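Chain residues, written in single-letter form:
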Amino acid sequence: MAILRPSVVSPTRPTVKTEAVYARGMESIVLFGPPGAGKGTQAQRIMDSTGLPQVSTGDMLRAAVSAGTPTGIEAKKYMDAGQLVPDQVIIDLIKDRIKEPDAKKGVMFDGFPRTVPQAEALADITTVSHVISIEVPDERIVDRICGRYTCAVCGAVYHDSFKPTSKDGTCDSCGGNEFKRRADDNAETVMSRLEAYHNQTSPLADWYDSKGIFHVINGDRAINLITNDILDALK
Ligand code: AP5
């Protein structure tokens with residue numbers, strides 16, 4: 001797999017501006033890890049290098065909740081409680097998303113699959129070439145999640161202490177000046193989300209490891225070091 005390493009990886013720019021060099025058939029990447037591990041942060045940084053669009057089931061569900069669709073209404077009660085949304089709802093969303101023109105060469109899944117049935121369904125939809133597991137100890141997760149905010153215009157991810165905007169109140173990526181916080185980013189819900197991760201999602205590590213496509217990345221380090229290791233793993 002040919003991946004162009006960005007010459008400069010700035011910790012303040014979410015998207016690495018390089019020419020996409022991902023010439024291949026339909027193969028997808030999975031970004032795997034606990035809530036707050038940095039999946040979304042890293043997806044934004046490696047999107048251009050991989051040439052694959054980020055497909056975040058969390059973002060898709062939040063859009064459905066905002067739009068008040070039947071899927072959103074169904075999903076909201078699980079999301080508010082920090083529980084996983086039922087598999088069939090998620091699989092239906094992914095089946096529709098994968099038909100979009102930008103998904104023709106594969107996608108970069110962020111937060112999907114999270115259960116064995118979801119992984120089995122994915123195997124029928126697309127080939128997964130790499131599962132990148134970003135590992136962060138539980139004790140770091142609450143601080144990360146409770147300090148998170150995102151640009152309301154472009155979705156760039158920031159943190160009150162670990163990754164603030166360079167200029168107060170202005171998005172580094174698009175210059176927007178409206179930001180938002182997620183309803184489920186509170187200490188109580190985080191504990192349920194971690195429990196769901198350990199009980200329902202982490203068993204997938206063995207499933208993918210047995211296929212020889214599972215790459216463990218230490219996510220408890222500076223953001224740009226993690227990006228470099230992910231790009232190395234994707235080579
Ligand atoms: P989702 O939106 O997918 O949330 P999540 O998996 O809990 O992951 P997060 O988005 O919280 O974290 P992240 O790993 O992307 O971290 P980020 O880069 O933002 O899912 C939400 C809910 O939707 C679920 O609870 C569930 O109900 C439902 N759902 C979604 N998908 C589903 C599925 N497939 N099946 C069933 N239900 C599903 O980083 C976090 C913070 O840390 C940021 O502030 C960032 O700036 C900071 N940060 C990042 N990296 C570093 C670093 N190296 N050092 C210091 N700070 C860092």
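The rules behind each value
Residues numbered from 1 in each chain as written. Predicted model: local features only at pLDDT ≥ 70, side-chain atom pairs only at ≥ 80, totals over all residues. Helix = DSSP H or I, 4+ residues; strand = E, 2+ residues; numbered from the N terminus. Expected span 1.5 Å × (residues − 1). Buried ≥ 20, exposed ≤ 12 C-beta atoms within 10 Å, placed from the backbone. Arc of directions from axis to C-beta. Core = buried A, V, L, I, M, F, W, Y, C linked by C-beta atoms within 7 Å. Contact = placed C-beta atoms within 7 Å. Near = placed C-beta within 6 Å. Nonpolar A, V, L, I, M, F, W, Y, C, P; charged D, E, K, R; others polar. Pairing = 2+ DSSP bridges. Axes fitted to C-alpha atoms, helices over the stretch in contact; angles between N-to-C directions. Left-handed = near helix turned anticlockwise from the far one by under 90°. Parallel < 35°, antiparallel > 145°, perpendicular 65-115°, else oblique. pLDDT = per-residue confidence, 0-100.

### Examining helix α7 (residues 187-201)
Working step 1: Here α7 spans 20 Å end to end across 15 residues, near enough to the 21 Å set by a 1.5 Å rise per residue.
Working step 2: Residues of α7 that are buried: Val190, Arg193, Ala196, Tyr197 and Thr201. One side of α7 holds all its buried residues, which, seen down the axis, span an arc of 120°. Facing away from the buried side of α7 by over 90 degrees, the exposed positions are Ala187, Glu188, Glu195, His198 and Asn199.

### Overview of the nonpolar core
Working step 1: In terms of nonpolar packing, the biggest core is built from 38 residues, with Ile29, Leu31, Met108, Phe109 and Ile132 touching the most fellow members.
Working step 2: Excluding anything up to four places from it in sequence, Ile132 contacts Ile29, Val30, Leu31, Phe32, His215, Ile217, Ile230 and Ala233.
Working step 3: Core analysis: the next-biggest nonpolar cluster, separate from the first, contains five residues, Cys151, Val157, Tyr158 and Cys171 among them.

### What about the site of the ligand?
Working step 1: Close to the ligand lie 36 residues, the nearest being Pro35, Gly38, Gly40, Gly58 and Gly111.
Working step 2: Those elements giving two or more residues to the shell around the ligand turn out to be α1 (39-50), α2 (57-67), α3 (70-80), α6 (138-146), β6 (157-159) and α9 (223-233).
Working step 3: Grouping the constituent residues of the shell around the ligand by class yields 15 nonpolar, 15 polar and six charged.

### Describing the sheet that holds strand β4 (residues 127-135)
By way of backbone hydrogen bonds, the strands of a sheet pair with one another, either parallel or antiparallel.
Working step 1: Spatial ordering of the open sheet is given by β2-β3-β1-β4-β8, a layout of five strands whose pairing is parallel. Two strands in the sheet have a free side with no partner beyond their single neighbour: β2 (54-56) and β8 (214-218). Strand-to-strand twist in this sheet, taken as the mean axis angle between neighbours without regard to direction, amounts to 25°.
Working step 2: With three bridges connecting them, β2 and strand β3 (residues 108-110) associate as parallel partners.

### A short note on the packing of α2 against α3
Working step 1: At a minimum axis separation of 8 Å, α2 and α3 run at an interaxial angle of 115°. Once α2 is placed against α3, the crossing between them reads as left-handed. Within the contact between the two elements, α2 uses Leu61, Ala64, Val65 and Ala67 and α3 uses Thr71, Gly72, Ala75, Lys76 and Met79.
Working step 2: Per-class residue counts for the contact of α2 with α3 are six nonpolar, two polar and one charged.

### So, the packing of α1 against α9
Helix-helix packing is characterised by the crossing angle of the two axes and by the distance between the axes.
Working step 1: At a closest axis distance of 10 Å, the pairing of α1 and α9 adopts a crossing angle of 50°. Classified by the angle their axes make, α1 and α9 are oblique. You can see that α1 and α9 cross each other, and the crossing is right-handed. Here Thr41, Gln42, Arg45, Ile46 and Ser49 of α1 come into contact with α9, specifically with Ile223, Ile226, Thr227, Ile230 and Leu231.
Working step 2: Here the residues of the contact of α1 with α9 are counted per class, giving five nonpolar, four polar and one charged.

### What about the confidence of the model for the protein chain?
Working step 1: Per-residue confidence for the protein chain gives a mean pLDDT of 89; residues scoring 70 or more make up 89%.
Working step 2: Across the protein chain, β8 holds the top mean pLDDT of 98, while α1 sits lowest at 93.
Working step 3: Within the model, the stretch residues 1-24 combines pLDDT values under 50 with 56 contacts to residues more than four positions away or in other chains.

### Brief notes about the sheet that holds strand β5 (residues 148-151)
Working step 1: With antiparallel pairing, the three strands of this open sheet are ordered in space as β6-β5-β7. Each end of this open sheet is capped by a strand with a single partner; those strands are β6 and β7 (179-180).
Working step 2: Two strands pair when backbone bridges link them, and β5 and β7 are joined in this way by two bridges, in the antiparallel orientation. Bridging from a neighbouring strand, Cys151 pairs with Phe179 of β7.

### Overview of the pairing of strand β1 (residues 27-32)
Working step 1: Buried residues dominate β1, accounting for five of its six residues.
Working step 2: Bridging between β1 and β4 involves six bridges; their strand directions are parallel. Residue pairing across strands places Phe32 opposite Ser133, the latter belonging to β4.
Working step 3: Relative to β3, β1 runs parallel, the two sharing three bridges.

### As for the environment of Ile46
Working step 1: Mapped onto the elements, Ile46 comes out in helix α1.
Working step 2: A residue is classified by how many C-beta atoms lie within 10 Å of it, and Ile46, with 25 of them, is buried.
Working step 3: In sequence terms Ile46 and Thr227 are 181 residues apart; their C-alpha atoms lie 7.2 Å from each other.

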